[in-house]
Amino acid sequence: MPATDSVSVFTEGTFSEQIRELVVYLARGHPEEERASYIQPFQDVLTVADNEKPIEEDEDRQRKVLTMVVSEVKGLGDGTDKEIEGFFNLLFSHFLTVLPLDAPETKVHLIALLQAISSTPDQTLTKYRILSNIFNAIPGQSALRLLVYKTLIEIASASDELEHLTLERAKVEKWLQEWDVSQQEKSDFLKSIADAFAKCQELGTSYEYTLSYVNSLPPSSPSAHAAAVDAIATALRLPSLFDFDPLFRLDAVVSAKDHELFSLLQIFLNEGLPEYHAWSASHANAFAQYGLDKEQLERKIKLLSLTTLGFQNIGHDLPYASIASTLQVEPSQVERWVIDVIRAGLVSGRLSQTTQTLHITRAAARAFERPQWELLEKRLGLWKTSIAEVLEVVAAARKNNTTEAVGAAGASAAPNGTETPVIPAKTAAAA
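Presented here is a report on the structure given in the accompanying data block. (Residues numbered from 1 in each chain as written. Predicted model: local features only at pLDDT ≥ 70, side-chain atom pairs only at ≥ 80, totals over all residues. Heavy atoms only, no water.)

Some thoughts on the overall build of the protein
A tally of regular secondary structure across the protein gives 21 helices and 3 strands. With 431 residues in all, the protein has 39% of them scored as buried. (Helix = DSSP H or I, 4+ residues; strand = E, 2+ residues; numbered from the N terminus. Buried < 20%, exposed > 50% of the residue type's maximum accessible area, 1.4 Å probe, protein only.)

Below is the structure:
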């Protein structure tokens, strides 16, 4: 998508001449012997009778003839890419000036045009350019922008080419703040983006937009409950997702606290392997119902349990035996799990086969609540004490260096052990 928010269309000729250009282009799709009769109804509207004012001064006739042109657009038409893009640029330059943007019929006409553009087979890049030009030409606050961009997303996802849109969440959030659309329309737009990325197997990006979608819904609504449960299941299914805290903080997710997946989410947020095994035993049917992989979930909870153990022991050596006990594995398997948790970016540290320990240098917090804040406060206190001790050592060293320097200066100024006489200020001045 171009970065600009407007597209200037420079055309020559009067309104009548430009409409004739559009009609002549549309007539290409008809047999040559039928083209004259096809053009005639448009010509009749454009022709000025003796008692009529020019169409350039008659807004009603302008809307009539433009509506006639719009209704005849059934696809991209017969032309080169440059001709096709030029046709739609000219058409929409009049569409946006002749038709009232906030009128219901304008929305109907735009939907019909978008359908005609998107339904044309192939020519995907040409459609991207046309729709991008239309999107950028529409005023930033207009609700029509949403319709155009949804069409862009549909075309891109159908072709598995979402990367061409260079879609960013910050940009989407900015648009949703600007567009004059209902909250429901905003929510539907976010869901369409999430679905498009899921269709293209970009599941991580889809999940991020799913969070935005759930957050946009009224927490107590039935749609929010269903979306929250689906978001929990999606988060659990993603093999590389370990941060459940943003999901847990959504009001709609908290409102689903009575659902069986919510209790599983709590285990992945704060608890460990024993709790997971207990949940698994009492909810055997949930795995198939929500598309959950039992082995994959067990791997995730083990990595998260090891992360918690690491977070509690940052700066210390963690024995293999403690890790094996937490993960319920043999000591010989510890190093493999440590390598996995490091690759996942959850823990950093150094393995020592000699001492059979893992020295923890960094570990992620699964959630940041009161226990984590208290632990952080304790570590900051220790860090503050250590810094104070270092500063005391540095100050003492500076003091010793200064004393030694003064002594050395005195010794060099008074050789052979004699003292340097102090001359009174007045005497020194007189001298």
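Brief notes about the nonpolar core
In this structure, F88, L91, L247, L261 and L264 are the most contacted members of the largest nonpolar core, which totals 124 residues. Formed jointly, this core draws a minimum of three residues from each of two domains, domain 1 (7-137) and domain 2 (305-363). Sequence-distant contacts of L261, defined by excluding residues within four places in its chain, comprise V229, I232, A233, L236, W279, Y290 and L292. (Core = buried A, V, L, I, M, F, W, Y, C linked by side-chain atoms within 4.5 Å. Domains from an automatic or database assignment. Contact = heavy atoms within 4.5 Å.)

Notes on helix 15 (residues 273-282)
All of the buried residues along helix 15 are L273, Y276, W279 and S280. Along helix 15, the residues classed as buried sweep out an arc of 125 degrees about the axis, all on the same side. Summarising the geometry of helix 15, the exposed residues directed more than 90 degrees from the buried face are A281 and S282. Those residues of helix 15 hidden inside the fold are in contact with helix 14 (260-270), helix 16 (286-289), helix 17 (294-311) and helix 18 (320-327). (Arc of directions from axis to C-beta.)

Some words on the side chain of K186
Along the chain, the position of K186 falls in helix 9 (residues 183-199). D180 provides the closest opposite charge to the buried, salt-bridge-free K186, at an N-O distance of 7.7 Å. One polar contact links the side chain of K186 to the main-chain carbonyl oxygen of L176, over a distance of 2.9 Å. Discounting chain neighbours no more than four positions away, the residues touching K186 are L176, W179 and V181. (Lys, Arg positive; Asp, Glu negative; His and termini not counted. Salt bridge = Lys/Arg side-chain N within 4 Å of Asp/Glu carboxyl O. Polar contact = N/O pair within 3.5 Å; in protein donor to acceptor, adjacent residues only side chain to side chain.)

Observations regarding the sheet that holds strand 1 (residues 317-319)
Spatially, the 3 strands line up as an open sheet ordered 1-3-2, and their pairing is antiparallel. The sheet terminates laterally at strand 1 and strand 2 (347-352), the two strands that pair on one side only. Put simply, the sheet's adjacent strands are angled 35 degrees from each other on average, direction ignored. Of the pairings in the sheet, the one linking strand 1 to strand 3 (residues 357-363) comprises 3 bridges and is antiparallel in character. Following the sheet pairing, P319 is matched in strand 3 by T357. Contacts from helix 17 reach strand 1, strand 2 and strand 3 within the one sheet, and its direction differs from that of strand 3 by about 85 degrees. Together, strand 1, strand 2 and strand 3 form the strand contacts of helix 18, whose direction differs from that of strand 1 by roughly 60 degrees. (Pairing = 2+ DSSP bridges. Axes fitted to C-alpha atoms, helices over the stretch in contact; angles between N-to-C directions.)

Remarks on the environment of F42
As for its position among the elements, F42 is in helix 2 (residues 35-46). Expressed as a C-alpha distance, the spacing of F42 and R20, which sit 22 residues apart in the sequence, is 7.9 Å. When sequence neighbours within four positions are dropped, the list of residues in contact with F42 reads V23, V65, M68, V69 and E72.

Observations concerning the pairing of strand 3
Sheet topology places strand 2 next to strand 3; 6 bridges connect them, and they run antiparallel. Across the sheet, residue L351 finds its bridge partner in strand 3, namely L358. Between strand 2 and strand 3, which follow one another and run antiparallel, lie 4 residues, and Q356 among them has a positive phi close to 55 degrees.

Quick notes on the pattern of salt bridges
Between side chains of opposite charge, pairing is possible as soon as their charged atoms come close. Overall, the coordinates contain 10 salt bridges when judged by the stated rule. Among the ionic pairs, R169 bridges to E208, the shortest N-O distance being 2.9 Å. Of this pair, R169 sits in helix 8 (residues 169-178) while E208 sits in helix 10 (residues 203-216), placing them 39 residues apart in sequence. The salt bridge partner of R336 is D340, with a shortest N-O separation of 3.9 Å. Here R336 pairs with D340, and both are found in helix 19 (residues 334-343), just 4 residues apart, close to one helical turn. Exposure remark for R336: the relative accessible area of 44% places this residue in the partly exposed category. Given a relative accessible area of 15%, D340 falls into the buried group.

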